[in-house]
Amino acid sequence: MTKGANMTRHLITSAIPYINGIKHLGNLIGSQLPADLFARYQRGRGREVLFLCATDEHGTPAELAAKKAGKPVDEFCAEMHEVQARIAEGFRLSFDHFGRSSSPQNHALTQHFAGKLQENGLIREVSEEQVYSHADGRFLPDRYIEGTCPNCAYDKARGDQCENCTKQLDPTDLLEPRSAISGSTDLEVRETKHLFLRQSTLRDDLDAWINTKTDWPVLTTSIARKWLHDGDGLRDRGITRDLDWGISVKNGDQDWPGMEGKVFYVWFDAPIEYIACAGEWAEAHDLPEADWQRWWRTDKGAEDVTYTQFMGKDNVPFHTIGFPATILGSGEPWKLVDHLKSFNYLNYDGGQFSTSQGRGIFMDQALELLAPDYWRWWLLSHAPESSDAEFTWSSFQQDTNKDLADVLGNFVSRVTKFCRSKFSEALPEGGENGPEEIALIADLQERLGRYQDHMEAIEVRKAAAELRAIWAAGNEYLQETAPWTTFKTDPEKAAVQIRLALNLIPFYATLSAPFIPDAAANMHENMGTSPEWPVDVNAALHALPAGHPFTVPEVLFAKITDESVADWEVRFSGTRD
RNA sequence: GGCGCGGUAGCUCAGUUGGUUAGAGCGAUCGACUCAUAAUCGAUAGGUCGGGAGUUCAAGUCUCCCCCACGCCA
């Protein structure tokens, strides 16, 4: 690993998944998986990377999920964090640290930011009326109050809207209101105070900042501009809630008079976890504070850091407006995002994946069916970059069988087995490159350049297509030169051909590792090689000399059978739990 | 209802600042090969680029109107 002083360091974060359950494949391809692809690629190029992710643990849904599970919320979150961490490992997500938004670091940092914002005059107090439930011992958000609609008499209308007649409601409009949590009718309206972040005064700063991002996708900037300019423009945002579970409202390390018993809103503290997570990473590795600050503070060494965020499109406003407002408002030199890669949604067989409805394939289930490389390859090569994409079982089967088993896996198989049967389990000797070899090398040099360009630009689908073409080039070369024929008349020429083909295996392994890390590791192991990013393709394809031993690998990718697919289609046609 | 993103070969999608015969992968058809996971390689496929009008020497690529799908919002 080189760490050249002139080289960019890459800070990479994936949107942090919420704690209340296991995520589905749509969530995976929307942030964590492409972030991992980019992190692995940059590491592969020898660049210094800090790749962070965490669980987002605060808020009402976590409390309710814990209650449903019959566990204290902190215990529930700790368990779910472990579950998500194990699944992330299962998909080979190579986080340098998988943190928790409930960490002490995030508590301290969130309170620090709130204090700075207050100091800079960007916080105001607002009095609101909210419904308090005696039985639940808590304030109820609008969605957690049910009652009879005064408009249509529907008896399950929610505090914000009646689903039956669509009329907008205030909780106080409901007849016979009750708690959606306990059903209790022992409710009262109380006045409560909350802190608002005065984002409106930061609008011009945010607008100017967004305008510098000319290389961002339209999807991203249009969402940000909408929030900045639509209607009355950017609105101030409540950053506190009347809950127990969360980060206590404090002004730095001082108490905040009037805010006792309140916590910060989950959307305020969650993005700050991106920073806090670096602190958790440092602590986990016994590193001093300076080691994580050099990633995040431009006054402490982060000038050469490129920061890239990955997220689904629903998260764009919070990353282009909410979080930057916190950072800009603090007046401190924290790193702002440089590249923001957002994804559309992946649909499942004509509908949406849905966590709440249990529709689609969830990450734990996917790993029970197949090794992670299958999912990684299909999801990444179909990443919903320009518009929503669709998962169907037949496409999944067809594409993975063709690309992984037939094009790549079979290439490795045919080359190693041919060499073993005609020569030995070592690279054969003799001969020199002819025009076909020179042409292949030149072609691959060009393709390598294109592949790198797409990876640098995080054009995931295009990178996958180029990688596939690089695999196919090996098959084209074999078909054209036909070593099985040349062997009969000119064994030395066949030796040249098969030596080159065998050298392609580690070359492919290194380039493919960001997409299919397990298969890449297998390929290297069988060839007795280790990953080294190719610069000069000619040199890379002569790295293994004649006489270098190898092992014929087991089938790299077994095909997905029609029977399996038929079985899975049925099994996943309904909903989970 | 308002706003946003889309509507390109059977399927999944590419198509920079408008410019020669609109591209790729898969599927399909035909052919080649036999080293290999019945794998591979090559060739072929005539899609009015959602519909209409306009700007222009020239529009899938700009403007306006309409239709359809999806999403967000009040």
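Residues numbered from 1 in each chain as written. Chains lettered and ligands numbered in written order. Predicted model: local features only at pLDDT ≥ 70, side-chain atom pairs only at ≥ 80, totals over all residues. Heavy atoms only, no water.

Student: How should the overall build of chain A be read in this particular structure?
Tutor: Within chain A, the secondary structure is distributed over 19 helices and 19 strands. C-alpha extents for chain A along the principal axes are approximately 95 × 55 × 40 Å. Total accessible area computed for chain A in this model is approximately 24,600 Å², and 46% of it derives from carbon and sulfur atoms. Of the side-chain charges in chain A, 57 are positive and 87 negative, and the distance between the mean point of each set is 2 Å. (Helix = DSSP H or I, 4+ residues; strand = E, 2+ residues; numbered from the N terminus. Areas by Shrake-Rupley, 256 points an atom, 1.4 Å probe, with all protein chains shown as cover. Lys, Arg positive; Asp, Glu negative; His and termini not counted. Charge placed at Lys NZ, Arg CZ, Asp CG, Glu CD.)

Student: How do you make sense of the protein's contact with RNA strand B when you look at a structure like this?
Tutor: What surrounds RNA strand B is a group of 28 residues, the closest being S386, N410, R414, K417 and F557. The sugar-phosphate backbone supplies 76% of the atoms of RNA strand B found within 4 Å of the protein. Measuring from a sugar or linking oxygen of RNA strand B, one finds a side-chain N or O atom of N410 at 2.3 Å. Contact distances for RNA strand B include 2.5 Å between a base nitrogen and a side-chain N or O atom of R414. Looking at the surface near RNA strand B, the elements that each hand over two or more residues are α12 (393-422) and α14 (460-481). (Near = heavy atom within 4 Å. Polar contact = N/O pair within 3.5 Å; in protein donor to acceptor, adjacent residues only side chain to side chain.)

Student: Honestly, the sheet that holds strand β3 (residues 97-100) in this entry has me stumped. Any pointers?
Tutor: Within a sheet, neighbouring strands are paired by backbone hydrogen bonds and run either parallel or antiparallel to one another. Overall, parallel pairing links the five strands, which are arranged β3-β2-β1-β15-β16 in an open sheet. For this open sheet the edge positions go to β3 and β16 (339-343), each flanked by a neighbour on one side alone. Taking each pair of neighbouring strands and ignoring which way they run, the sheet shows an average axis angle of 20 degrees. Here strand β15 (residues 305-312) pairs with β16 via five bridges, running parallel. Among the inter-strand pairings, T308 is bridged to a residue of β16, identified as H339. (Pairing = 2+ DSSP bridges. Axes fitted to C-alpha atoms, helices over the stretch in contact; angles between N-to-C directions.)

Student: Where do I start with the pattern of salt bridges in this structure?
Tutor: Side chains that carry opposite charge are capable of pairing whenever their charged atoms lie near each other. Following the criterion strictly, the structure yields 29 salt bridges and no others. Between R43 and D96 there is a salt bridge; the shortest N-O distance is 3.4 Å. With R43 in helix α1 (residues 25-44) and D96 in the loop between α3 (73-90) and β3, this pair connects stretches of sequence that are 53 residues apart. What makes D96 partly exposed here is its relative accessible area of 27%. The shortest N-O distance in the salt bridge between E57 and R100 comes to 2.8 Å. With E57 in the loop between β2 (49-55) and α2 (60-69) and R100 in strand β3, the pair connects residues that are 43 residues apart, well separated along the chain. Look at E57 and you get buried, because its relative accessible area is 0%. (Salt bridge = Lys/Arg side-chain N within 4 Å of Asp/Glu carboxyl O. Buried < 20%, exposed > 50% of the residue type's maximum accessible area, 1.4 Å probe, protein only.)

Student: Before we go on, may I ask you to explain helix α9 (residues 316-330) in this structure?
Tutor: Because each turn of an α-helix spans 3.6 residues, side chains separated by three or four positions in sequence point in the same direction. For α9, built from 15 residues, the straight-helix expectation of 21 Å at 1.5 Å per residue is met to within 8% by its first-to-last C-alpha distance of 21 Å. Maximum bend of α9: about 30 degrees, positioned at P324. Judged by how many residues are buried, α9 sits mostly within the fold: 13 of 15 residues are covered. At the exit of α9 stands G331, carrying a positive phi of roughly 70 degrees. (Expected span 1.5 Å × (residues − 1). Bend = angle between axes of the 7 residues up to and from the residue.)

Student: Explain the environment of Q111 to me, please; I cannot follow it from the model alone.
Tutor: Secondary-structure assignment places Q111 in helix α4 (residues 104-119). By relative accessible area, which is 10% here, Q111 ends up buried. In this structure the C-alpha to C-alpha distance between Q111 and N251, which are 140 residues apart in sequence, comes to 5.9 Å.

Student: Any chance you could explain the packing of helix α13 (residues 435-456) against helix α16 (residues 491-512) here in plain terms?
Tutor: When two helices pack together, their arrangement is captured by the angle between the axes and the distance separating the axes. Two numbers describe how α13 lies on α16: the axes approach to 12 Å, and their chain directions differ by 5 degrees. Considering the angle they form, α13 stands roughly parallel to α16. Side by side, α13 and α16 meet where E437, L440, L444, L448 and Y451 of the first sit next to V496, Q497, L500, L504, F507 and L511 of the second. Of the residues belonging to the contact of α13 with α16, the class tally is nine nonpolar, one polar and one charged. (Parallel < 35°, antiparallel > 145°, perpendicular 65-115°, else oblique. Contact = heavy atoms within 4.5 Å. Nonpolar A, V, L, I, M, F, W, Y, C, P; charged D, E, K, R; others polar.)

Student: I keep staring at α2 and nothing clicks. Help me out?
Tutor: Residues T60, A62, E63, A65 and A66 constitute the buried set of α2. Contact partners of the buried residues in α2: α3 and β5 (138-140). Phi turns positive, to about 70 degrees, at G70, one or two residues after α2.

Student: Would you explain the sheet that holds strand β17 (residues 346-348) in this entry?
Tutor: Read from one edge to the other, the open sheet built from three strands follows the order β18-β17-β19, with strand pairing classed as mixed. Two strands in the sheet have a free side with no partner beyond their single neighbour: β18 (351-352) and β19 (389-391). As defined by bridge partners, β17 adjoins β19 across three bridges and the pair is classed as parallel. Bridged to L346 within β19 is A389.

Student: Even after reading the chapter, I still don't get the environment of V555, so can you show me in this structure?
Tutor: Within the secondary structure, V555 is located in the loop between α18 (537-540) and α19 (562-571). V555 sits in the exposed class, given a relative accessible area of 63%. Taking the C-alpha atoms as reference points, V555 and V412, 143 residues apart in sequence, are found 8.9 Å from one another.

Student: Looking at this structure, how should I read the packing of aromatic side chains?
Tutor: Two numbers describe a pair of aromatic rings. These are the distance of the centres and the angle of the planes. All chains considered together, the criterion is met by 30 aromatic pairs. Centroid distance W378 to F391: 5.1 Å. Interplanar angle 75 degrees. Geometry classified as edge-to-face. You can see W378 sitting in helix α11 (residues 372-381) and its partner F391 sitting in strand β19, a full 13 residues away along the chain. Here W378 matches F391 in class, with each residue buried. On the basis of an interplanar angle of 85 degrees and a centroid distance of 5.3 Å, the ring pair of F423 and F487 is categorised as edge-to-face. With F423 in the loop between α12 and α13 and F487 in helix α15 (residues 483-489), this residue pair connects regions lying 64 residues apart in the sequence. By relative accessible area, which is 27% here, F423 ends up partly exposed. (Phe/Tyr/Trp six-rings, centres within 6.5 Å; stacked < 30°, edge-to-face > 60°.)

Student: Before we go on, may I ask you to explain the confidence of the model for chain A in this structure?
Tutor: A low pLDDT score tells you not to read the predicted coordinates there in detail. Summary statistics for chain A give a mean pLDDT of 90 and a share of 95% for residues scoring 70 or more. In this model, residues 1-5 is a region of pLDDT below 50 whose contacts with residues beyond four sequence positions or in other chains number five contacts. Across the whole predicted complex the pTM is 0.93, and at the interface the ipTM reaches 0.91. (pLDDT = per-residue confidence, 0-100.)

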